[in-house]
Amino acid sequence: MSDPPKGLDVEAVRRDFPILSRVINDKPLVYLDSAATSQKPSRVIDALADFYRTSNANVHRGIYTLSEESTLAYETAREKTAAFINAASSAEIVFTRNTTESLNLIAYSWGRANLGAGDEVLVTAMEHHSNIVPWQIVCQERGAVLRFIPVTDEGFLDLSAIESLITERTKIVAFTHVSNVLGTINPVREIVERAHGAGAVAVVDGAQGAPHGAVDVRALDADFYVFSSHKMLGPTGVGVLYGKASLLNEMPPFLGGGEMIMEVREDGFTWKDPPWKFEAGTPNFADVVAFGAAIDYLSDLGMDNVRQHEMDITGYALQRLATLGDGVAVHGPPDAADRGGVVSFAVESVHPHDIAQTLDWEGVQIRAGHHCAQPLMRRLGTPATARASFYVYNTNEDVDRLVDALKKAGELFGRQRS
Ligand code: PMP
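This is a predicted model, so every value here is computed, not measured.

Scoring rules and cut-offs
- Residues numbered from 1 in each chain as written.
- Predicted model: local features only at pLDDT ≥ 70, side-chain atom pairs only at ≥ 80, totals over all residues.
- Heavy atoms only, no water.
- Near = heavy atom within 4 Å.
- Polar contact = N/O pair within 3.5 Å; in protein donor to acceptor, adjacent residues only side chain to side chain.
- 1 Å grid on protein atoms, 1.4 Å probe; cavity = no way out; pocket = protein on both sides within 12 Å on 5 of 7 lines; lining within 4 Å.
- Sits in = over half its atoms within 2 Å of the grid points.
- Helix = DSSP H or I, 4+ residues; strand = E, 2+ residues; numbered from the N terminus.
- Buried < 20%, exposed > 50% of the residue type's maximum accessible area, 1.4 Å probe, protein only.
- Core = buried A, V, L, I, M, F, W, Y, C linked by side-chain atoms within 4.5 Å.
- Contact = heavy atoms within 4.5 Å.
- Points joined across faces, edges and corners; volume = space filled by probe spheres on them.
- Nonpolar A, V, L, I, M, F, W, Y, C, P; charged D, E, K, R; others polar.
- Patch = residues over 30% accessible without salt bridge, like charges linked within 9 Å, V, L, I, M, F, W, Y side chains within 5 Å.
- Areas by Shrake-Rupley, 256 points an atom, 1.4 Å probe, with all protein chains shown as cover.
- Salt bridge = Lys/Arg side-chain N within 4 Å of Asp/Glu carboxyl O.
- Pairing = 2+ DSSP bridges.
- Axes fitted to C-alpha atoms, helices over the stretch in contact; angles between N-to-C directions.

J.: Please provide a residue-by-residue account of the site of the ligand, values included.
T.: In the vicinity of the ligand there are 13 residues, among which Thr100, Asp205, Gln208, Ser228 and Lys231 approach most closely. Serine 228 is positioned with one of its side-chain polar atoms (N or O) 2.7 Å from an oxygen atom of the ligand. Assessed atom by atom at 2 Å from the grid points, the ligand resides in the largest pocket.

J.: Could you give an account of the environment of glycine 325, naming the residues involved and the relevant values?
T.: Following the sequence through the fold, glycine 325 ends up in the loop between α11 (303–322) and β13 (328–330). Judged by its relative accessible area of 30%, glycine 325 falls in the partly exposed class. On a C-alpha basis, the gap between glycine 325 and valine 138 in space is 46 Å, while along the polypeptide they are 187 residues apart.

J.: Which residues make up the nonpolar core, and what are the values?
T.: Membership of the largest hydrophobic core comes to 74 residues, with the highest contact counts inside it found for Ile85, Tyr225, Leu233, Phe291, Val392 and Tyr393. Broken down by element, the residue count for this core peaks at twelve residues, all from helix α10 (residues 285–301). When near neighbours in sequence (up to four residues on either side) are disregarded, tyrosine 393 contacts Val10, Val13, Arg14, Phe17, Leu20, Tyr31, Ser34, Ser38, Gln39, Leu233 and Asp398. Residues Val343, Ile355, Val364 and Ala386 belong to the second largest nonpolar core, which totals 28 residues.

J.: If you had to explain the layout of surface pockets to someone new, which residues and values would you point to?
T.: Of the volumes computed, that of the largest pocket is approximately 370 Å³. Surrounding the largest pocket, 23 residues form its lining, Ala35, His128, Asn180, Lys231 and Cys372 being those nearest its centre. When contributions to the lining of the largest pocket are tallied by element, the ones reaching two or more residues are α4 (99–114) and β16 (367–369). Examining the composition of the lining of the largest pocket, we find that three residues originate from one element, β16, more than from any other. In terms of residue class, the lining of the largest pocket is built from six nonpolar, 13 polar and four charged.

J.: Tell me about a nonpolar patch on the surface, and please be specific about residues and values.
T.: The grouping of Val264, Phe269 and Trp271 at the surface amounts to a nonpolar patch, some 300 Å² of accessible area in total. Its location among the elements puts valine 264 in strand β11 (residues 261–265). Valine 264 gets classed as exposed once you look at its relative accessible area, which sits at 56%.

J.: So, the pairing of strand β6 (residues 145–149): which residues are in play, and what are the values?
T.: One ladder, built from five bridges, connects strand β5 (residues 120–124) with β6; its direction is parallel. Residue pairing for β6: threonine 124 is matched across the bridge by isoleucine 149.

J.: Could you give me a rundown of the sheet that holds strand β4 (residues 93–96), with the residues and numbers involved?
T.: The pairing of strands in a sheet comes from backbone hydrogen bonds and takes either a parallel or an antiparallel form. The strand order across the open sheet formed by seven strands is β4-β10-β9-β8-β7-β5-β6, and the pairing between neighbours is mixed. Unpaired on one side and paired on the other, β4 and β6 mark the two borders of the sheet. Averaged over all pairs of adjacent strands, the angle between strand axes in this sheet comes to 20°, irrespective of strand direction. For β4 and strand β10 (residues 239–243), the ladder comprises four bridges, and the chain directions are antiparallel.

Below is the structure:
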């Protein structure tokens, strides 16, 4: 493969995304909610349509050309995914529906088999509910205890607390690579090392990590690393579970049914090797094939370029938001180098939902709410935040439109208050 170009040609990238020509409330669309889901380039949309037009047949079953082609396309996407995160083998890549299902699979399969009464699972206070609730369920079932690594006032994990929180009872340390609220990039390798030092497995929620920068699961030494296609230019309905082969081999299946079995008898069954052991039923093969096209697209851009672009635009956003004065408070690390492309903020005396609504009138699409991170909201002392998030197709002009719309919102609500 040729080397990716230096820097991102954002105008060329934008031309690849048909939705960006939309007009919303008579204004050109500014899409600032990629942390919730990303937009899709024509290459991915076409890959999905082409697959249905030319190659559709169920995978792994047919002894006929079309099914063989379809199986090859599906398994090729698995290989692309493995290469994208530098997994040792495509057998370490399980396709699920989304990050949430990947985390549940680990909790139900590895967690149930390995957690006992009094054992501990360690998560962080900045987790998405997807990386809290499955552990709450399995801890309750097994009589295990869930603990939380606290978050500092600046929005970093309080790593000094880990010493006392990791004990010989800790079996799992599960944490996010990048916070979907604060944008904080966590020191994955360091936390993985501490988990391993205590004999625990390390589960990394990469939903906001893998889409936004180069990930090398072997360098990180993560035991599990999970993410979603829809947040990285791919279709909805595809999640990735990377697991070290040694762990996937020893884990019991999560769901039973067709595809995952070797043999079924009246008195029992045997299962296939990973990854197929964990893919019961007809997989979402058409979307997985299109996900492969998204990986190609991102790889052609170059993940280091993607990261640099987001850091630049986040830095610009932090700088522009600061010009709005004390009335606008940004949550999370002050320096863009410590952040992914996510900026949560509060506007004094204006509810985040009202901010999102008034920005919508200007065509600016942002998210407002608890972002599925209620423990973190409690830590921040607010029920909700407004959040702008950036990706490969966003520009400094988008940030300007955000800031202009915020000024208008401020004037509107300022007038209403007086
Ligand atoms: N973890 C994080 C950090 C997220 O941002 C999200 C999506 N907002 C998820 C998990 C869940 O992803 P999905 O909805 O694709 O399962």
